[in-house]
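Architecture at a glance
One letter stands for each residue in the lines below.
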Amino acid sequence: MKIAIIGAGFGGMAAAYDLRQAGHEVVIYESANYVGGLASGFKEPHWEWSVEKFYHHWFQSDRSMLGLIEELGLMDNVIFPRPYTVLLHDGKWYPFDSILHALLFPGLGFGLDKIRFGFVGLYLRLTNDWKTLEQFTADEWMMKWAGKQVYEQMWRPLLIGKFGPFYKDVNMAWMWARIKARTTRLGTFKGGFQKFADVFAEKLRGMGVEIRLEAQVKFIKRNQASVMQVDAGGIVDSFDKVLVTTSPSLMAKFCPDLPENYLKGLLELKSMGAVVMVLSLKHQLSKEGYYWFNLPKDAGYPMLALVEHTNFVSKDHFGGDHIVYAGDYLEVGHEYFSMSDQELLERFTPAFKKFNPAFEKDWVKKIWVNKTNYAQPVPLVNHSKNIPAIQTPIEGLYFASMSQVYPWDRGTNFAVEIGRRAARMML
Ligand SMILES: Cc1cc2nc3c(=O)[nH]c(=O)nc-3n(C[C@H](O)[C@H](O)[C@H](O)COP(=O)(O)OP(=O)(O)OC[C@H]3O[C@@H](n4cnc5c(N)ncnc54)[C@H](O)[C@@H]3O)c2cc1C
């Protein structure tokens, strides 16, 4: 078969790997001039490693991702440092990423609330019954079982931070998946995620996969001769099968011939965008060496997450620069999407002093602002009934995106999993 894959993110490349191994001719179309998609990175001339445009790490439970790396013989390049995630309570930061830290966290007191927190956490780790959980919103379930204090201190800020105005609509299976599939140790690839993407792309090319960069697909349709046609800016090629790995809204745009029901399903899926600033600084921001700051929206910070990448991996990989991310999940109409980089820096700067009172504007060497409309799917109650099928009603046309990895939360691990699952279906 001759197969086209739209998108050279982790999902598209993983699918290409399996399809090519099964002996098929594979062409990947990628609109950017690099591979890696949302997990891609960039590099300054004096850096040895790249920095992801949007903060990225792996969990030790990321079996599909780590399994693929193992198959590619690249496991020696994966490292799992032990960075610290912290939570705010009464103006102070507390490590909060292990059972011991949770037990010591003063925000939940040391009585009944802590016991409820423990039991609910344990239940969610042990149960596999997400189908029941998806019938409830996380807001109602947590309020009922974890209690007001635990929910408002711990879980509600997380929901508000990720889903803003939709936080009360998100289902409990999403929360279950986060608690179930995450580990304390966090992993990365030596050289950065972009390095992995580049090495993977080189392997694919070596196997005979054609990767067309700067090839923006406009249109996909099935012609009378039952051949799939891919139109990338006027250059039309024919294929037996096509796999699309972009957002649902782009899928709907490429393929207006899809039956109305399927199109409606694509367009009704909700998601959040993201705006993330990367800063290179002259000095370390968190003197305590914390990596990830969870920032409750009501604490007045102009961002959701502050992540000091060089408290995760050494600054020596970046010529001594300290790398910090400041970002937020937002609805696409939010003002951050239209602000200039400098305006956003002005907005964020006062907050940096809260992490380190010595911070001065002249610590900032350079900034980069990355924006995406499609960053985080929003799973509503009974979401499993609304997931578009990977095999679309048009014969030969397949779709695998972040919105379909449910009940799991999106991530490169699940991009690889769904990419490979789609490949199996195509075979
Ligand atoms: C802020 C943020 C933080 C994240 N943190 C983590 C994390 O810590 N760990 C983790 O594992 N994951 C994380 N993720 C999620 C992870 O990046 C994604 O789940 C994963 O990269 C999705 O891969 P994909 O292949 O499904 O899609 P994508 O990476 O989106 O790939 C789709 C590709 O299609 C291309 N494309 C789009 N339109 C066209 C067109 N018209 N023609 C041709 N090509 C086109 C795009 O350029 C892109 O390369 C994060 C994401 C965000 C936004």
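Residues numbered from 1 in each chain as written. Predicted model: local features only at pLDDT ≥ 70, side-chain atom pairs only at ≥ 80, totals over all residues. Heavy atoms only, no water.

1. Description of the packing of helix 1 (residues 10-21) against helix 9 (residues 193-207)
- Contact geometry of helix 1 with helix 9 gives a least axis separation of 10 Å together with a crossing angle of 25 degrees. Taken together, helix 1 and helix 9 sit at an angle that is classed as roughly parallel. Relative to helix 9, helix 1 is oriented so that their crossing is left-handed. Residue-level inspection shows Phe-10, Met-13, Ala-14, Ala-16, Tyr-17, Arg-20 and Gln-21 of helix 1 in contact with helix 9, the latter providing Phe-193, Phe-196, Ala-197, Phe-200, Ala-201, Leu-204 and Met-207.
- A class-by-class count of the residues in the contact of helix 1 with helix 9 yields 12 nonpolar, 1 polar and 1 charged. (Axes fitted to C-alpha atoms, helices over the stretch in contact; angles between N-to-C directions. Helix = DSSP H or I, 4+ residues; strand = E, 2+ residues; numbered from the N terminus. Parallel < 35°, antiparallel > 145°, perpendicular 65-115°, else oblique. Left-handed = near helix turned anticlockwise from the far one by under 90°. Contact = heavy atoms within 4.5 Å. Nonpolar A, V, L, I, M, F, W, Y, C, P; charged D, E, K, R; others polar.)

2. A closer look at the sheet that holds strand 12 (residues 228-232)
- Taken in spatial order, the 3 strands of this open sheet run 11-12-13, and their pairing is antiparallel. Where the open sheet ends on each side, the last strands, each with one partner, are strand 11 (219-222) and strand 13 (235-239). Taken pair by pair, the neighbouring strands of this sheet meet at an average axis angle of 20 degrees, ignoring direction.
- As judged from the 5 bridges shared by strand 12 and strand 13, these two strands associate in the antiparallel manner. Paired with Val-230 across the bridge in strand 13 is Asp-237. (Pairing = 2+ DSSP bridges.)

3. Looking at the nonpolar core
- Counting residues in each nonpolar core, the largest one holds 57 residues, and the members touching the most others are Leu-124, Met-142, Trp-155, Leu-159, Phe-163 and Met-175.
- Per element, the largest residue contribution to this core is 7 residues, and it comes from helix 8 (residues 172-180).
- Once residues within four sequence positions are removed from consideration, Met-175 is found in contact with Ala-138, Met-142, Trp-155, Leu-158 and Leu-159. (Core = buried A, V, L, I, M, F, W, Y, C linked by side-chain atoms within 4.5 Å. Buried < 20%, exposed > 50% of the residue type's maximum accessible area, 1.4 Å probe, protein only.)

4. Re the pairing of strand 8 (residues 92-95)
- Here strand 7 (residues 85-89) runs beside strand 8; their pairing, made up of 4 bridges, is antiparallel. Note that in strand 8 the partner of Leu-87 across the bridge is Tyr-94.
- Between the end of strand 7 and the start of strand 8, which pair antiparallel, lie 2 residues, with Asp-90 showing a positive phi angle near 50 degrees.

5. What about the sheet that holds strand 18 (residues 322-330)?
- Across the sheet, which stays open at both edges, the 7 strands sit in the order 8-7-16-17-18-15-19 with mixed pairing between neighbours. Looking at the sheet topology across the chains shown, the edges are occupied by strand 8 and strand 19 (364-378). Between one strand and the next, the sheet's axes are offset by a mean angle of 25 degrees, whatever the strand orientation.
- Of the strand pairs in this sheet, strand 15 (residues 270-281) and strand 18 are connected by 9 bridges, and their pairing is antiparallel. Considered in strand 18, the bridge of Met-277 is made with Ala-326.
- Sitting on the sheet, helix 7 (residues 148-163) is in contact with strand 7, strand 15, strand 18 and strand 19, with an inclination near 95 degrees to strand 19.
- Those strands touched by helix 12 (residues 341-355) are strand 8, strand 15, strand 16 (292-294), strand 17 (305-308), strand 18 and strand 19, and its axis lies near 70 degrees from that of strand 15.

Any link to function would need more than the numbers given here.
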